[in-house]
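Chain and residue survey
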Amino acid sequence: MSSNPMHQFEVYRIGPEINLGMVNLSFTNASLFMAISAFALIFLLFLGTNKKLLIPSKMQLITEMSYSFVAKMINDTAGAAAKPFFPFIFTLFMFVLFCNMVGMLPYSFTVTSHIIVTFVLAAVVFIGVTILGFVKHGIKYLELFVPKGVPAVLLPLIIIIEIISYLSRPVSLAVRLFANMMAGHTMLKVFGGFVISLGLLGGWLPLGFSVALTGLEILVAFLQAYVFAILTCIYLNDALNLHH
Amino acid sequence: MELEAAKMIGAGLAAIALAGAGVGIGIIFGNYLSGAMRNPSAAKEQFPNLLLGFALAEATGLFGLVVALIILFAF
């Protein structure tokens, strides 16, 4: 048993090795847990909408709450114009949430603690929003980089800063989720290691700490999914309603 | 200096970023509380903004952690 706190993030192959040209497409533990999260999500939503009762059952209540939560979030941040993008943001939010939450189970693997996963999600958001902005506003979308009410002397500097901040969006979106999940899980494992090394006499203190940290991590898991979704909404708002 | 030792020192220095995150999170929650004390009826509406600010501030500290990890493991 390895005591390295980074050991939990190791990706290994399950089953046969599949190579497609130069690309290694083998089924790994990361893909397994991503599939588990996706199927858990589908199962929960299916169970919730299976029997549509006027007085909802517990499952239906969870589904309805998550629906109205995301709907309210989109309405508050991006307005009614973003209504058609509800399925995308709902899927994004629920997928990230389920990946984070499945990662909180002992002996499981956190898919979102790998930057490639979060970066692909962020890149989809970034490229999609950019294309949407250009389709909706044409070349006028570049006005996003020119804030209103800025003195003309400052404009060249401001435009460069705005362009850099726009281009760093996918990086910050990806790194935020990845770093939060990875730091949290490393911290849990480090405190778990303290329990073992301090033994029966002194191990109770880090054990209590570990329990508290698990609670914090569940909060962070929800919060990061929420932040990921709400930042997507904010970017969408920039693309849909220019300068509002 | 040995490369290994320099790496350790650099990774430790990168953890200073957490000081800024601590200050930021403190300011966010402190100001939220003082605002909520003044006007409790408006507090609930601003709770999502509180969480958003908290997560944004925390993330900047975690960028420091990423720098530390890159120093330790990527070079």
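Going by the structure above, here's the rest.
Reading the values: rules and limits
- Residues numbered from 1 in each chain as written.
- Chains lettered and ligands numbered in written order.
- Predicted model: local features only at pLDDT ≥ 70, side-chain atom pairs only at ≥ 80, totals over all residues.
- Heavy atoms only, no water.
- Helix = DSSP H or I, 4+ residues; strand = E, 2+ residues; numbered from the N terminus.
- Buried < 20%, exposed > 50% of the residue type's maximum accessible area, 1.4 Å probe, protein only.
- Polar contact = N/O pair within 3.5 Å; in protein donor to acceptor, adjacent residues only side chain to side chain.
- Contact = heavy atoms within 4.5 Å.
- Axes fitted to C-alpha atoms, helices over the stretch in contact; angles between N-to-C directions.
- Left-handed = near helix turned anticlockwise from the far one by under 90°.
- Nonpolar A, V, L, I, M, F, W, Y, C, P; charged D, E, K, R; others polar.
- Buried area = accessible area lost by both parts, 1.4 Å probe.
- Salt bridge = Lys/Arg side-chain N within 4 Å of Asp/Glu carboxyl O.
- Core = buried A, V, L, I, M, F, W, Y, C linked by side-chain atoms within 4.5 Å.
- Expected span 1.5 Å × (residues − 1).
- Arc of directions from axis to C-beta.

Residue and element names in this part refer to chain A. Inspection of the secondary structure puts Ser-108 in the loop between helix 3 (86–103) and helix 4 (115–137). The exposure class assigned to Ser-108 is buried, which follows from its relative accessible area of 17%. Polar side-chain contacts of Ser-108 include one of 2.7 Å to the backbone oxygen of Val-102. At 2.7 Å, the side chain of Ser-108 and the backbone oxygen of Leu-105 are in polar contact. Look past the residues within four positions of Ser-108 in its chain and what remains in contact with it is Phe-33, Val-102 and Gly-103.

All names here are of chain A. At their nearest, the axes of helix 4 and helix 6 (residues 169–202) sit 8 Å apart, and the two run at 145 degrees to each other. The way helix 4 lies across helix 6 gives a crossing that is right-handed. In this structure, helix 4 contributes Ile-115, Thr-118, Phe-119, Ala-122, Val-125 and Phe-126 to the contact, and helix 6 contributes Arg-169, Pro-170, Val-171, Leu-173, Ala-174, Val-175, Leu-177 and Phe-178. Here the residues of the contact of helix 4 with helix 6 sort into twelve nonpolar, one polar and one charged.

Facing the 14 residues of chain B at the interface are 16 residues of chain A. The contact between chain B and chain A buries some 1,300 Å² in all, and 86% of this surface belongs to carbon and sulfur atoms. Of all residues in chain B, B:Leu52, B:Leu62 and B:Phe63 give up the largest surface area on contact with chain A, accounting jointly for 31% of the area buried on that side. Seen at the junction of chain B and chain A, the total is zero salt bridges. Linking chain B to chain A there are zero residue pairs in polar contact (both at pLDDT 80 or more). Here the side of chain B that touches chain A is built from residues that sort into 13 nonpolar, no polar and one charged.

Further remarks concern the nonpolar core. Core analysis: the biggest nonpolar cluster contains 52 residues, and A:Val70, A:Met73, A:Ile89, A:Phe93 and A:Val129 have the highest contact counts within it. Where this core is concerned, the elements lending two or more residues are helix 1 (29–50), helix 2 (58–78), helix 3, helix 4, helix 6 and helix 7 (204–240) of chain A together with helix 4 (47–74) of chain B. Per element, the largest residue contribution to this core is 14 residues, and it comes from helix 7 of chain A. The contact partners of A:Phe93, leaving out residues within four places of it in the chain, are A:Phe69, A:Val70, A:Phe222, A:Ala225, A:Tyr226 and A:Ala229. By size, the runner-up hydrophobic cluster in this structure holds nine residues, among which are A:Val175, A:Met182, A:Ala183 and B:Leu69.

All names here are of chain A. For Ile-196, the location among the structural elements is in helix 6. Among the residues examined, Ile-196 registers a relative accessible area of 68% and is labelled exposed. Residues Ile-196 and Phe-27, 169 residues apart in the sequence, show an inter-C-alpha distance of 33 Å.

This paragraph deals with unusual backbone geometry. If you check the backbone angles, A:Tyr107 has positive phi at about 65 degrees while not being a glycine. Checked against the element boundaries, A:Tyr107 lands in the loop between helix 3 and helix 4.

Residues and elements named next belong to chain B. Its 22 residues place the ends of helix 2 (residues 17–38) 32 Å apart at the C-alpha level, agreeing with the 32 Å of an ideal helix rising 1.5 Å per residue. Among the residues of helix 2, Ala-21, Ile-25, Tyr-32 and Ala-36 are the ones counted as buried. Seen end-on, helix 2 carries its buried residues on one side only, within an arc spanning 35 degrees. Exposed side of helix 2, more than 90 degrees from the buried face: Ala-19, Val-23, Asn-31, Met-37 and Arg-38 are the residues found there. Where helix 2 is buried, its residues touch helix 3 (40–43) and helix 4.

Note that all results are geometric; they support no functional claim without further evidence.
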